[in-house]
Amino acid sequence: MYPVYCRMYQGAFRTASHFMPWRKPHVLEGVDSLKQLPALLKEIGLLHVLIVTDKGITSLGLMDKLLRGLEAEEIHYTIYDQTVPNPTIEHIEEALKLYHASKSKGFIAFGGGSSIDCAKAVGARVARPEKSIPKMKGQLKIRKPIPPLVAIPTTSGTGSEATLAAVVSNPHTQEKYALNDHVLIPHYAVLDPSLTVKLPPHLTSTTGMDALTHAVEAYIGRSNNNETRQYSREAVQLIFSNLYEAFSNGENLTARTHMQKASYLAGLAFTRAYVGYVHAISHTLTGYYSTPHGLANAIVLPYVLKYYGESVHKPLAELADLIGLSQPQDSNAQKANAFIEAVEKLNADMNIPQKVNGLIQADFPLMVERAYKEANPLYPVPKVLSRKDLLTLFHQIKA
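Trainee: Which residues make up the overall build of the chain, and what values go with them?
Mentor: A tally of regular secondary structure across the chain gives 15 helices and nine strands. In terms of overall size, the chain behaves like a compact globule, its C-alpha atoms giving a radius of gyration of 20 Å where 399 residues would be expected to give roughly 21 Å. A buried classification covers 57% of the 399 residues belonging to the chain. Here the contacts in the chain between residues at least 6 apart in sequence split such that 78% fall between residues at least 24 apart. Surface exposure of the chain reaches about 16300 Å², of which carbon and sulfur atoms provide 55%. Distance between charge centres in the chain, computed from 40 positive and 35 negative side chains, equals 7 Å.

Shown next, in the form of structure tokens:
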């Protein structure tokens, strides 16, 4: 009976989503598009901003051109550069104090998904000062506008510049969870591929596979529509055509441009159509072992796709056709298997391992419970899995 309840819950949520205040960020895109941002901020009257980033970004000098542009337009900025992978509640509260102390009126999130998620969460705290981060966990707990937010991704993977989610970690409880609310969709996004040129190969590969996971999980789920399907299809095409080139030749601006577009499109897709068990499992791996999110998704994706079995043969067959993996006489099952094998080959070609190291079997019961509760009943997965199914998957991915 529980799968029936899940489907009823998902159906109600899908119906309600038609009436929700969806928006897309205003996008600046192309090589050196970052140069356009200071003038835009001045035009909209955003003259005091908190820049949320990390030490890696500041040490590499990636923001230098932006800072000079802000100074030229007389825009005051304060930098919070303590963001860590998988931002914690403590770091969010630190940034919140700096936001208020600096009298900032908006945010520039500059970096990977962690910096963007951190800025979103700080924005949520500004909008709802009476609510702690744990009280905003889950669906639609904010419901008040956050200050203007500009997202400038320096990786091509999370799609956080397009989504309504801010993913937060609590190291004390080993949890990783999301705040989901339409008010968290960034108001502006800058897709400047020149910011990703120096991204190391291992981050190029894993963040790219993160984007692929978003596109695939959105496409095979039961809450997609014509628009999200098209976003997913275009993202999958771009990733299979450009990820390996971006990985092996990071200076290729064409490949970098296409990967940034793919990440953005995949973000648009899954923020409407949701993700599935790949993410539910990956979030537990990050919460327990600090496994990088993109790496976890890359490893887990083919295992979950295989486990879904017949329930995903048709959509995966469509994706196989899309990227030229199939023959006209192939069955849907053969095409689906060809797609999964292509995912595995892409992982192998980029030196991504097949298994997750360091998993402790004694942790599995609680990890299963957290993954189960994250996915069910919300995620409109192709096939509702049980706790026993999830335990089997954890054993499959264990090195």
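Trainee: Give a detailed account of the packing of aromatic side chains, specifying residues and quantitative values.
Mentor: If you walk through the whole model with that rule in mind, you get 11 aromatic pairs. For the pair F364 and F394, a centre-to-centre distance of 5.6 Å together with 35 degrees between the ring planes defines the contact as tilted. With F364 in helix α14 (residues 364–375) and F394 in helix α15 (residues 387–397), this residue pair connects regions lying 30 residues apart in the sequence. Look at F394 and you get buried, because its relative accessible area is 0%. Chaining the aromatic ring pairs together yields one cluster made of Y2, Y5, Y9, F13, Y274 and Y372.

Trainee: Can you break down the pairing of strand β7 (residues 165–170) residue by residue, with the values?
Mentor: In terms of burial, β7 is a largely internal element, six of the six residues being buried. Burial along β7 is two-sided: the residues A165, V167 and S169 and A166, V168 and N170 are all buried. With six bridges connecting them, β7 and strand β8 (residues 175–180) associate as antiparallel partners. Paired with V168 across the two strands is Y177, which belongs to β8. If you look at the hairpin formed by β7 and β8, you'll find four residues sitting between the two strands, and Q174 has a positive phi there, around 60 degrees.

Trainee: Quick one: what's the story with a nonpolar patch on the surface, residue by residue and with numbers?
Mentor: Where nonpolar side chains cluster on the molecular surface, the patch consists of M1, V4 and M8 and spans about 390 Å² of accessible area. What makes V4 partly exposed here is its relative accessible area of 44%.

Trainee: Could you give an account of the side chain of K335, with specific residues and numbers?
Mentor: Inspection of the secondary structure puts K335 in helix α13 (residues 332–349). At a separation of 3.3 Å, a polar atom in the side chain of K335 contacts the side chain of D321. Here K335 is in contact with L316, A317, A320, D321, S326, Q327 and D330, once residues within four sequence places are set aside.

Trainee: Residues and numbers for the pattern of salt bridges, please.
Mentor: Under the definition given, this model contains 14 salt bridges. The partner of K345 in a salt bridge is D349, and the shortest N-O contact between them spans 2.7 Å. Taken together, the positions of K345 and D349, both in helix α13 and four residues apart, correspond to about one turn of that helix. The partly exposed category is assigned to D349, whose relative accessible area is 33%. The residue E369 makes a salt bridge to K373 at a minimum N-O spacing of 3.7 Å. Within this pair, E369 and its partner K373 are both found in helix α14, separated by four residues, close to a single helical turn. Here the residues in one salt-bridge network are E369, K373 and R387, joined through shared partners.

Trainee: Quick rundown of the packing of helix α10 (residues 277–289) against α14? Include the residues and the values.
Mentor: The N-to-C vectors of α10 and α14 enclose an angle of 135 degrees; their axes lie 9 Å apart at closest approach. Considering their axes alone, α10 and α14 lie oblique with respect to each other. Crossing handedness for the pair α10 and α14: right-handed. Across the interface between the two elements, Y277, H279, A280, I281, H283, T284, L285, Y288 and Y289 from α10 touch L366, M367, R370, A371, E374 and A375 from α14.

The rules we used
- Residues numbered from 1 in each chain as written.
- Predicted model: local features only at pLDDT ≥ 70, side-chain atom pairs only at ≥ 80, totals over all residues.
- Heavy atoms only, no water.
- Helix = DSSP H or I, 4+ residues; strand = E, 2+ residues; numbered from the N terminus.
- Rg over C-alpha atoms; globule rule 2.2 N^0.38 Å.
- Buried < 20%, exposed > 50% of the residue type's maximum accessible area, 1.4 Å probe, protein only.
- Contact = heavy atoms within 4.5 Å.
- Areas by Shrake-Rupley, 256 points an atom, 1.4 Å probe, with all protein chains shown as cover.
- Lys, Arg positive; Asp, Glu negative; His and termini not counted.
- Charge placed at Lys NZ, Arg CZ, Asp CG, Glu CD.
- Phe/Tyr/Trp six-rings, centres within 6.5 Å; stacked < 30°, edge-to-face > 60°.
- Pairing = 2+ DSSP bridges.
- Patch = residues over 30% accessible without salt bridge, like charges linked within 9 Å, V, L, I, M, F, W, Y side chains within 5 Å.
- Salt bridge = Lys/Arg side-chain N within 4 Å of Asp/Glu carboxyl O.
- Polar contact = N/O pair within 3.5 Å; in protein donor to acceptor, adjacent residues only side chain to side chain.
- Axes fitted to C-alpha atoms, helices over the stretch in contact; angles between N-to-C directions.
- Parallel < 35°, antiparallel > 145°, perpendicular 65-115°, else oblique.
- Left-handed = near helix turned anticlockwise from the far one by under 90°.

Limitation: the analysis is restricted to geometry and does not speak to function.
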